[in-house]
Amino acid sequence: MYMDNQSRTRFLYFRSTKVIWYVIVLGWALLRTFAVKTVFEKNGVNPWLYLALDLAASIPYAHFTHKLVLTFLEKNWPSFKKAVAFGVVTFYIPDIYILISARQVPAVIYGGFFIVLATFSLLAVLSIYKKVKPQTPK
């Protein structure tokens, strides 16, 4: 199904679209906690504190990434820059907790952590880019 730019833009303003985005972001936080529990719990990371931080950061992250897309479409550059800054900060808060609290983690685990972090950072950027990129009719 093809949505023209105007329909796609209207869809992004729907409250239901925003709610779906929040649910996805919060669900992803829960899934990451299971990975953190499996990999980092034995190295000093409290997975429940991680979950609390991740959930607390996920709410503003979902808000600001949704706002980022809308302000980009509206060409509201001051609000766009603010949304980018807060989106980036809230995206990395849970990962910073891992780096601060982890003890005696093997280098291979850190290597994997940074590869996963880089991969999901790239996926986040590509996902946002896909939402704001103009589509040409086929």
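A quick note: this is a predicted structure, and the numbers were derived from the prediction, not measured.

Hey, could you run me through the side chain of Asp95 in this one?
Along the chain, Asp95 falls in helix 4 (residues 77–101). Buried charge Asp95 goes without a salt bridge, the closest partner of opposite sign being Arg32 at 4.9 Å. If we ignore the near neighbours within four places in the chain, the residues touching Asp95 are Tyr50, Phe113 and Leu117.

Looking at this model, I keep getting lost on the pattern of salt bridges. Mind explaining?
According to the stated counting rule, one finds two salt bridges in the structure shown. Residue Lys37 is joined to Glu41 by a salt bridge in which the shortest nitrogen-to-oxygen separation is 2.9 Å. The exposure class assigned to Glu41 is partly exposed, which follows from its relative accessible area of 35%.

Where do I start with the packing of aromatic side chains in this structure?
Aromatic ring pairs are reported here in terms of the distance separating the ring centres and the angle at which the planes meet. Evaluated as defined, the whole model comprises nine aromatic pairs. Ring geometry for Trp77 versus Phe80: centroids 5.6 Å apart, planes at 90°, classification edge-to-face. Of the two residues, Trp77 and Phe80 are both situated in helix 4; the distance of three residues between them amounts to about one turn of the helix. A network of ring pairs unites the aromatic residues Phe40, Phe113 and Phe114 as a single cluster.

How do you make sense of helix 3 (residues 47–73) when you look at a structure like this?
What sets the pattern is the α-helix's 3.6 residues per turn: residues three or four places apart point alike. Compared with an ideal rise of 1.5 Å per residue, which puts 27 residues at 39 Å, helix 3 spans 37 Å between its outermost C-alpha atoms and is within 8% of the ideal. The N-terminus of helix 3 is capped by Asn46, whose side-chain oxygen sits 2.8 Å from the backbone nitrogen of Trp48. Looking one or two places after helix 3, you find Lys75, whose phi comes out positive at around 60°.

Looking at this structure, how should I read the environment of Ala35?
Here Ala35 shows up in helix 2 (residues 15–40). Residue classification places Ala35 among the partly exposed residues on the basis of a relative accessible area of 42%. Considered as a pair, Ala35 and Pro47 are twelve residues apart in the sequence and their alpha carbons are 9.1 Å apart.

Where do I start with the nonpolar core in this structure?
Among soluble globular proteins, nonpolar side chains are generally buried collectively. Counting residues in each nonpolar core, the largest one holds ten residues, listed as Val36, Phe40, Val45, Tyr50, Tyr97, Ile98, Ala102, Val105, Phe113 and Leu117. Where this core is concerned, the elements lending two or more residues are helix 2, helix 4 and helix 5 (107–132). Ignoring any residue separated from it by four or fewer positions in sequence, one finds Tyr50 in contact with Arg32, Thr33, Val36, Pro94, Asp95, Tyr97 and Ile98.

Conventions and cut-offs
Residues numbered from 1 in each chain as written. Predicted model: local features only at pLDDT ≥ 70, side-chain atom pairs only at ≥ 80, totals over all residues. Heavy atoms only, no water. Helix = DSSP H or I, 4+ residues; strand = E, 2+ residues; numbered from the N terminus. Buried < 20%, exposed > 50% of the residue type's maximum accessible area, 1.4 Å probe, protein only. Lys, Arg positive; Asp, Glu negative; His and termini not counted. Salt bridge = Lys/Arg side-chain N within 4 Å of Asp/Glu carboxyl O. Contact = heavy atoms within 4.5 Å. Phe/Tyr/Trp six-rings, centres within 6.5 Å; stacked < 30°, edge-to-face > 60°. Expected span 1.5 Å × (residues − 1). Polar contact = N/O pair within 3.5 Å; in protein donor to acceptor, adjacent residues only side chain to side chain. Core = buried A, V, L, I, M, F, W, Y, C linked by side-chain atoms within 4.5 Å.

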